[in-house]
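Commentary on secondary and tertiary structure
As a plain string of letters, each chain reads:
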Amino acid sequence: MTYDVIVRDGLWFDGSGNPPQVRSLGIRDGLLATVSAEPLDETGCPEVIDAAGKWVVPGFIDVHTHYDAEVLLDPGLRESVRHGVTTVLLGNCSLSTVYADSADAADLFSRVEAVPRRFVLGALEAKKTWSGPAEYVRALDELPLGPNVGSLLGHSDLRTAVLGLGRATDDTVRPTDAELDRMAAMLDEALDAGLLGMSGMDAAIDKLDGDRYRSRALPSTFATWRERRKLIAVLRERGRILQSAPDVANILSGLFFFLSSSRIFGWRSGVRMSLLVSADTKSMPGSATFFGPLTRLLNAVLGASVRFQHLPVPFEVYSDGIDLPVFEEFGAGTAALHLRDQIERNKLLADTEYRREFRREFDRRKLGPTLWHRDFHDAVIVECPDKTLIGKSFGAIADERGLHPLDAFLDVLIENGERNVRWTTVLANHRPKQLNKLAADPSIHMGFSDAGAHLRNMAFYNYPVRLLRRTVDAERDGAPFLTVERAVHRLTAEVADWFGLDAGNLREGDRADFAVIDPAGLDESVDAYHEEKVPFYGGLSRMVNRNDRAVIATAVGGVVVFRNGRFCDGYGTTVKSGRFLRAGARQPHGARV
């Protein structure tokens, strides 16, 4: 019997966490047909991959992306797939494009995720053929998808569709009982269509784009817990998940999620919740110590099912001027980002009274929990018209000039053109010991890449490869925190099982989604900074990861779509390798639908 693809003599990981074995894999009709300790007959096989000395792993699963617009423009989602990611999850952080009209969806999405609004709106106006979840699923499944795609329903999307964007972002408005019933019914309809659950947002840092309601917070942040409980009850009844982000400034916010997940009020079942938080931030250095133990304690005492999404690499960000979401933590920062015209923004940044208020907010925020460490000595300039400033921190410049660090920062922006000054800092995951500890913590999910968003701010498309590098380096140095097979499991089957995705394993009968990794390529290149112009975003130069020596091949649905640094002909245009993964499609091993 012939095979469509043979992967010869690779070290095979099945995704379960079992020790790997040297095996040859035979792929037929999109499935892994044979796992053999003996050589397979290669007669008539059109594609053979010699994987001797390489690892063959299930395709990685990225459970936190914002590819909702990009998938319409480039269904191949190349920046993830070239790094071995074969399944991505859309609809996170309360944002999706299922119900809201194109203009509302663009206002919801663009500023929050730092993607130019005109391209988001253009993609939706050109490609949006759906008005509800069943049509949405069908429309995505008809695209020439590269990876597999699953989706959540965004609470902000749902709220906007029922209340209208204006009422949904008005703090004086409370939905009527009839409107709450409609939200619950629409969520139920989305779950019927195969969406995995709902996503929310509790932190008011994210703001709307557009002209109508610009700089208002996302609709989900205006919801009361009465509204949230109504929707969580639907998830509970259907056995689906909630993804959200608690408000770090309000400790009760996190507790409410644990209580809503639990079974202590006589509910027959809990609700799985995956919450977004940086567990080891520079602004709250003590949090990593009690983070895991406290999560496990609350889950045990309350009968809850809460986990936190964690990026298993240093959270390094870049910014052109003030265009970084952390500045939305300050009213003065939001006021500056509200202004799109560069002349008007520069005028505001130079205003004496504005600066006085900004300094007051900046210094006051040091007293409470925040996303940003607010240390301008830990913010280094990497590009600037004044070449003498490159390599210096804004704090060092403040020391030289005898200024408040915030004033030095604003002065440098004004002197050099605000968007011409590019700088970098690490917000979280800066301590290797804590980073490794969190990567092994069972209360943590591997995720939080934000792939497809913050195009000029960060690039974590290859975080699975970077975790594997850390794992290998730690083993070599005699300080292991995970075995390689456990790391692979955490990046594949573990998150697939939690989110209910039909993915993550590589055993006989499973869909043939896999990556071939050369461990010799797990070197410093996986951490390197790169930029690449994106044609479907008007030539915008965005941050990417380019370390193609690590992943030498990626296959989706049995099709080898990426190999030796190149995508196959027709990828993302005429070749369809991925599919929409509907909730409930995951069956016992060997029985896939």
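Residues numbered from 1 in each chain as written. Predicted model: local features only at pLDDT ≥ 70, side-chain atom pairs only at ≥ 80, totals over all residues. Heavy atoms only, no water.

**Describing the pattern of salt bridges**
- Within the structure shown, the criterion is met by 52 salt bridges.
- The partner of Arg238 in a salt bridge is Asp192, with the nearest N and O atoms 2.9 Å apart. You can see Arg238 sitting in helix α9 (residues 225-238) and its partner Asp192 sitting in helix α8 (residues 177-193), a full 46 residues away along the chain.
- A relative accessible area of 27% means that Arg238 is categorised as partly exposed.
- By relative accessible area, which is 58% here, Asp192 ends up exposed.
- Of the charged contacts in the structure, one is a salt bridge between Asp407 and Arg359, with a shortest N-O distance of 2.9 Å. Residue Asp407 is located in helix α16 (residues 405-416), and its partner Arg359 is located in helix α14 (residues 352-364); the two are separated by 48 residues in the primary sequence.
- If you follow the salt bridges from partner to partner, you end up with Arg466, Arg469, Asp473, Arg476, Asp477 and Asp527 in one network. (Salt bridge = Lys/Arg side-chain N within 4 Å of Asp/Glu carboxyl O. Helix = DSSP H or I, 4+ residues; strand = E, 2+ residues; numbered from the N terminus. Buried < 20%, exposed > 50% of the residue type's maximum accessible area, 1.4 Å probe, protein only.)

**Details of the sheet that holds strand β13 (residues 305-310)**
- Judged by pairing direction, the sheet is parallel, and its 6 strands sit side by side in the order β9-β10-β11-β12-β13-β17 without closing on themselves. Pairing within the sheet leaves two strands with one partner each, and these edge strands are β9 (153-154) and β17 (444-446).
- Of the strand pairs in this sheet, β13 and β17 are connected by 3 bridges, and their pairing is parallel. Directly across from His310, in β17, lies its bridge partner Met446.
- Here helix α10 (residues 251-261) sits on the sheet and contacts β11 (241-244), β12 (272-276) and β13; the angle it forms with β13, its principal contact strand, is near 135°. (Pairing = 2+ DSSP bridges. Contact = heavy atoms within 4.5 Å. Axes fitted to C-alpha atoms, helices over the stretch in contact; angles between N-to-C directions.)

**Here's the deal with the pairing of strand β16 (residues 422-428)**
- Summarising burial for β16: 7 of the 7 residues are buried, a large majority.
- As judged from the 6 bridges shared by strand β14 (residues 315-320) and β16, these two strands associate in the antiparallel manner. Residue pairing in the sheet places Glu316 in a bridge with Val426 of β16.
- Sheet topology places strand β15 (residues 380-383) next to β16; 3 bridges connect them, and they run antiparallel. Counterpart to Glu383 in the pairing with β16 is Arg422.

**As for a nonpolar patch on the surface**
- On the surface, Ile251, Leu252, Leu255 and Phe256 cluster together into a nonpolar patch covering about 390 Å² of accessible area.
- Here Ile251 shows up in helix α10.
- The exposure class assigned to Ile251 is exposed, which follows from its relative accessible area of 76%. (Patch = residues over 30% accessible without salt bridge, like charges linked within 9 Å, V, L, I, M, F, W, Y side chains within 5 Å. Areas by Shrake-Rupley, 256 points an atom, 1.4 Å probe, with all protein chains shown as cover.)

**Quick word on helix α18 (residues 463-476)**
- Helix length check: α18, at 14 residues, gives a terminal C-alpha distance of 20 Å against a target of 20 Å (1.5 Å per residue), a fit within 8%.
- Tyr463, Pro464, Val465, Arg466, Leu467, Leu468, Arg469, Thr471, Asp473 and Ala474 are the residues of α18 that are buried.
- In the segment just after α18, Gly478 is the residue with positive phi, at about 75°. (Expected span 1.5 Å × (residues − 1).)

**Details of the confidence of the model for the chain**
- Within the chain, residue pLDDT values average 94, and 97% of them lie at 70 or more.
- The low-confidence segment residues 587-593 (pLDDT under 50) makes 13 contacts with residues lying over four places distant or belonging to another chain. (pLDDT = per-residue confidence, 0-100.)

**Comments concerning empty space enclosed by the protein**
- In the structure shown here, the tally under the stated rule is 2 cavities of 30 Å³ or more.
- Approximately 50 Å³ is the volume found for the second largest cavity.
- In this structure, the second largest cavity is lined by His155, Met198, Gly200, Trp225, Arg228, Ile232, Leu242, Ser244 and Phe257.
- Of all the elements, α9 adds the most residues to the lining of the second largest cavity, at 3 residues.
- Its residues assigned to classes, the lining of the second largest cavity shows 5 nonpolar, 3 polar and 1 charged. (1 Å grid on protein atoms, 1.4 Å probe; cavity = no way out; pocket = protein on both sides within 12 Å on 5 of 7 lines; lining within 4 Å. Points joined across faces, edges and corners; volume = space filled by probe spheres on them. Nonpolar A, V, L, I, M, F, W, Y, C, P; charged D, E, K, R; others polar.)

**Side note on the sheet that holds strand β6 (residues 60-62)**
- On the basis of which strands lie adjacent, the open sheet formed by 3 strands has the order β6-β7-β8 and parallel pairing. Of all the strands in the sheet, the pair left with one neighbour each is β6 and β8 (148-151). Averaged over neighbouring strand pairs, the angle between their axes works out to 20° when direction is ignored.
- Across 4 bridges, strand β7 (residues 85-90) lies against β8 in parallel orientation. When the bridges of β8 are listed, Val88 appears paired with Val149.

**Some words on the packing of aromatic side chains**
- A complete count under the given rule lists 28 aromatic pairs for this structure.
- Ring plane angle 65° and centroid distance 4.8 Å describe the contact between Phe291 and Phe308, whose orientation is recorded as edge-to-face. Highlighted residues: Phe291 in helix α11 (residues 287-302) and Phe308 in strand β13, separated in sequence by 17 residues.
- According to the relative accessible area criterion, Phe308 is buried, its value standing at 8%.
- Aromatic side chains Trp372 and Phe376 sit 5.3 Å apart centroid to centroid with 85° between the ring planes, which places their arrangement in the edge-to-face category. Phe376 shares its class with Trp372; the two are buried.
- Each member of the aromatic cluster is reached from another via a ring pair, and the members are Phe327, Phe330, Tyr354, Phe358, Phe362, Trp372, Phe376, Phe394, Phe409 and Trp423.
- The ring of Phe567 has Arg78 lying over it, and the distance from NZ or CZ to the ring centre is 5.6 Å.
- Above the face of the Trp225 ring, Arg228 is positioned so that its terminal group lies 5.0 Å from the ring centre. (Phe/Tyr/Trp six-rings, centres within 6.5 Å; stacked < 30°, edge-to-face > 60°. Lys NZ or Arg CZ within 6 Å of the ring centre and 35° of its normal.)

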